[in-house]
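Residue-level structural notes
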Amino acid sequence: MASDINGRLPLFNKLKKANVLSHFPAAYNSQQYLAEALLFEGSKYNHVKDSVVFVTQKSLQFKEKQYTGYYFKKRNKEDYDKNFSMYVLIFENEKGLQTKPFYESDAMRIEDTDRDKDVIEYLTEAFELKDRKRADIYRPHGYGMYGHHGL
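In what follows, the accompanying structure is described. Quick caveat, the model's predicted, so the values are computed rather than measured.

1. Some points on the pairing of strand 2 (residues 65-76)
Across the 12 residues of strand 2, 9 count as buried, placing the element largely inside the fold. Where strand 1 (residues 50-62) meets strand 2, 12 bridges bridge the pair, whose relative direction is antiparallel. The partner of S59 across the bridge, within strand 2, is T68. As defined by bridge partners, strand 2 adjoins strand 3 (residues 85-92) across 8 bridges and the pair is classed as antiparallel.

2. Some remarks on the packing of aromatic side chains
In the structure shown here, the tally under the stated rule is 11 aromatic pairs. When the ring of F40 is compared with that of Y45, the centres are 5.0 Å apart and the planes differ by 75 degrees; the resulting orientation is edge-to-face. Ring plane angle 70 degrees and centroid distance 6.2 Å describe the contact between Y67 and F127, whose orientation is recorded as edge-to-face. Residue Y67 is found in strand 2, and its partner F127 is found in helix 3 (residues 116-128); the two are separated by 60 residues along the sequence.

3. Focus: the pattern of salt bridges
This model, assessed by the stated rule, comprises 9 salt bridges. Two residues, D131 and K63, come together in a salt bridge whose shortest N-O distance is 3.0 Å. Pair noted here: D131 is in the segment after helix 3 and K63 is in the loop between strand 1 and strand 2, with a separation of 68 residues, a long-range link. With a shortest N-O distance of 3.2 Å, K73 and D116 are connected by a salt bridge. Of the two residues, K73 is situated in strand 2 and D116 in helix 3; the sequence distance between them amounts to 43 residues. We classify K73 as buried; its relative accessible area is 17%.

4. Regarding the environment of A107
Secondary-structure assignment places A107 in the loop between strand 4 (103-104) and strand 5 (108-109). Under the relative-accessibility criterion, A107 is labelled partly exposed at 44%. Sequence separation between A107 and F72 is 35 residues, and the spatial gap between their C-alpha atoms is 10.0 Å. Residues contacting A107, with those up to four places away along its chain left out, are S85, M86 and Y87.

Cut-offs applied
- Residues numbered from 1 in each chain as written.
- Predicted model: local features only at pLDDT ≥ 70, side-chain atom pairs only at ≥ 80, totals over all residues.
- Heavy atoms only, no water.
- Buried < 20%, exposed > 50% of the residue type's maximum accessible area, 1.4 Å probe, protein only.
- Helix = DSSP H or I, 4+ residues; strand = E, 2+ residues; numbered from the N terminus.
- Pairing = 2+ DSSP bridges.
- Phe/Tyr/Trp six-rings, centres within 6.5 Å; stacked < 30°, edge-to-face > 60°.
- Salt bridge = Lys/Arg side-chain N within 4 Å of Asp/Glu carboxyl O.
- Contact = heavy atoms within 4.5 Å.

Shown next as structure tokens:
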């Protein structure tokens with residue numbers, strides 16, 4: 001059940017509630033695999049149409065606390081837009097394995113001119129500015145719509 005993205009969170013939560021997390025399979029007993037499953041919370045992962053790729057994890061500091069961000073690329077093959085979107089889920093390091101991230105980004109479309117490294121920086125900046133409502137992320141190759149900077 002843990003190998004199935006759709007069953008991973010329910011299994012983890014039930015074992016945690018019963019205080020028997022030692023029965024959760026070691027191969028999926030990491031924050032990365034829980035974060036991956038969280039990307040499909042409220043929807044159902046379908047291996048035929050959905051793609052998810054783990055990109056990297058990054059140590060972060062925010063307000064004098066240590067966090068780890070897990071960056072993923074995701075797309076639905078049935079969507080008109082064939083580009084991936086990137087997401088980051090950030091967890092506080094001192095709390096052990098968690099199913100509620102401290103911060104979860106909205107989808108950020110990876111433009112044809114973007115490198116993964118660039119989008120990781122944009123998402124990280126969005127996290128660092130999360131409490132500043134009027135702050136905006138500068139994307140040099142973004143579209144010139146409201147809230148985005150164009151060339």
